[in-house]
Amino acid sequence: MREIVFDTETTGLDPKTGDRMVEIGCVEMVGRVPTGASYHAYYNPQRDMPQAAEAVHGLSISFLETKPLFKDTAGELLEFLGDAPLVAHNASFDFGFLNNELVLIGMEPISLERMVDTVALARKKHPGSKLSLDALCTRYGIDRSHRVKHGALLDAELLAQVYVELTGGRQIGLGLAADVGFDAASGREDVSVPAAALAAAAKRRDRREPRPHAATAEELARHKAFVDGIEKAIWAR
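Structure report, in brief.

Rules used in this analysis
Residues numbered from 1 in each chain as written. Predicted model: local features only at pLDDT ≥ 70, side-chain atom pairs only at ≥ 80, totals over all residues. Heavy atoms only, no water. Helix = DSSP H or I, 4+ residues; strand = E, 2+ residues; numbered from the N terminus. Buried < 20%, exposed > 50% of the residue type's maximum accessible area, 1.4 Å probe, protein only. Expected span 1.5 Å × (residues − 1). Phe/Tyr/Trp six-rings, centres within 6.5 Å; stacked < 30°, edge-to-face > 60°. Axes fitted to C-alpha atoms, helices over the stretch in contact; angles between N-to-C directions. Parallel < 35°, antiparallel > 145°, perpendicular 65-115°, else oblique. Left-handed = near helix turned anticlockwise from the far one by under 90°. Contact = heavy atoms within 4.5 Å. Nonpolar A, V, L, I, M, F, W, Y, C, P; charged D, E, K, R; others polar. Arc of directions from axis to C-beta. Polar contact = N/O pair within 3.5 Å; in protein donor to acceptor, adjacent residues only side chain to side chain. Core = buried A, V, L, I, M, F, W, Y, C linked by side-chain atoms within 4.5 Å.

## Considering unusual backbone geometry
A positive phi angle, close to 65°, is found at Arg32, a residue other than glycine. Turning to its location among the elements, Arg32 is positioned in the loop between strand 2 (21-30) and strand 3 (33-42). With relative accessibility at 2%, the residue Arg32 sits in the buried group. The residue Gln46 is not glycine, and still its phi comes out positive at about 55°. Turning to its location among the elements, Gln46 is positioned in the loop between strand 3 and helix 1 (51-57).

## Re helix 9 (residues 217-228)
For helix 9, with 12 residues, the first-to-last C-alpha span of 17 Å sits near the 16 Å given by 1.5 Å per residue. By the criterion of burial, helix 9 is predominantly exposed, with just one of the 12 residues buried.

## Here we look at the packing of aromatic side chains
Going through the model one piece at a time under the given rule, you end up with five aromatic pairs. Ring centres 5.8 Å apart and planes at 65° place the aromatic pair Phe6 and Phe95 in the edge-to-face group. Of this pair, Phe6 sits in strand 1 (residues 2-10) while Phe95 sits in helix 4 (residues 91-104), placing them 89 residues apart in sequence. Accessibility classification places Phe6 together with Phe95 in one group, the buried group.

## Remarks on the packing of helix 5 (residues 118-125) against helix 7 (residues 152-166)
At a minimum axis distance of 10 Å, the contact between helix 5 and helix 7 shows a crossing angle of 40°. Relative to helix 7, helix 5 is oriented oblique. Read as a crossing pair, helix 5 and helix 7 show a hand that is left-handed. Seen from helix 5, the contacting residues are Thr118, Leu121, Ala122 and Lys125; seen from helix 7, they are Leu159, Tyr163, Glu165 and Leu166.

## Some points on the packing of helix 3 (residues 70-81) against helix 4
Running from N to C, helix 3 and helix 4 point in directions that differ by 125°, and their axes come no closer than 10 Å. Taken as axis vectors, helix 3 and helix 4 run oblique relative to one another. The element helix 3 and its partner helix 4 pack so that their crossing is left-handed. Together, Phe70, Leu77, Leu78 and Leu81 of helix 3 and Leu98, Glu101 and Leu102 of helix 4 make up the contact between the two elements. For the contact of helix 3 with helix 4, the class distribution of residues is six nonpolar, no polar and one charged.

## A few points about helix 5
Looking at helix 5, one finds that the buried residues are Thr118, Val119, Leu121 and Ala122. In an axial view of helix 5, the angular spread of the buried residues amounts to 160°, which keeps them on one side of the axis. At the N-terminal end of helix 5, a side-chain oxygen is found 3.0 Å from the backbone nitrogen of Val119, two or three residues along, and the residue is Asp117.

## Things to note about the nonpolar core
One finds Val5, Val162 and Tyr163 to be the most contacted residues of the largest nonpolar core, which totals 23 residues. Sorting the residues of this core by element identifies strand 2, helix 5, helix 6 (133-139) and helix 7 as the ones contributing at least two each. Looking at this core element by element, the count peaks at nine residues for helix 7. Here Tyr163 is in contact with Glu3, Val5, Met29, Arg32, Val87, Val116, Thr118 and Leu121, once residues within four sequence places are set aside. Formed by 22 residues, the second largest nonpolar core is a distinct cluster that contains Met21, Ile24, Ala41 and Ala84.

None of this, on its own, says anything about what the molecule does.
Structure follows, in structure tokens:
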């Protein structure tokens, strides 16, 4: 199954009050394995950058004002996303900003049925624990030493590793494990073993002659003698 893990950086916390998306980073995964394909873009928000937001991601208006508007490259982004499920950390935040940008240019928002929230997965798997991306990287031993500031593509790459751990661990990439999906509508895992993986595994096995399982005459005689020595044995009925 093809999935896209993505992250956004913004001018603030709420698109309803005029905050805008200024960066998006996307990582493609197939069967929970990164393919190496990614999409990354900066956007001119056509507004100021609050100091608090710049302190988080380091993106200044002087840097962003030379970047394209979202409408100029929206088609490229949507083509990369395709119809794949979209995985994000605290996904309602990222979906809110992405869909706000789409609505502002007169395009249909992305269905929330495609949303997979790793915070919800982590809360279910590690109740009561810290659920930030940093905390989950620490829990799973994922190197984040190069994460000085938030960056959409870097955070998407880290989240892809976290997502693998949350949905079965690194053995998924061996190709013999079950392909564990997530049904956003029901909130349940959807487990199916790829037919190709089963066929390949069966082909690699050494063929063995079937072993005989029928009891010998001697074994049958010993069993009868044993049963005859039991009072009201149920095997004798």
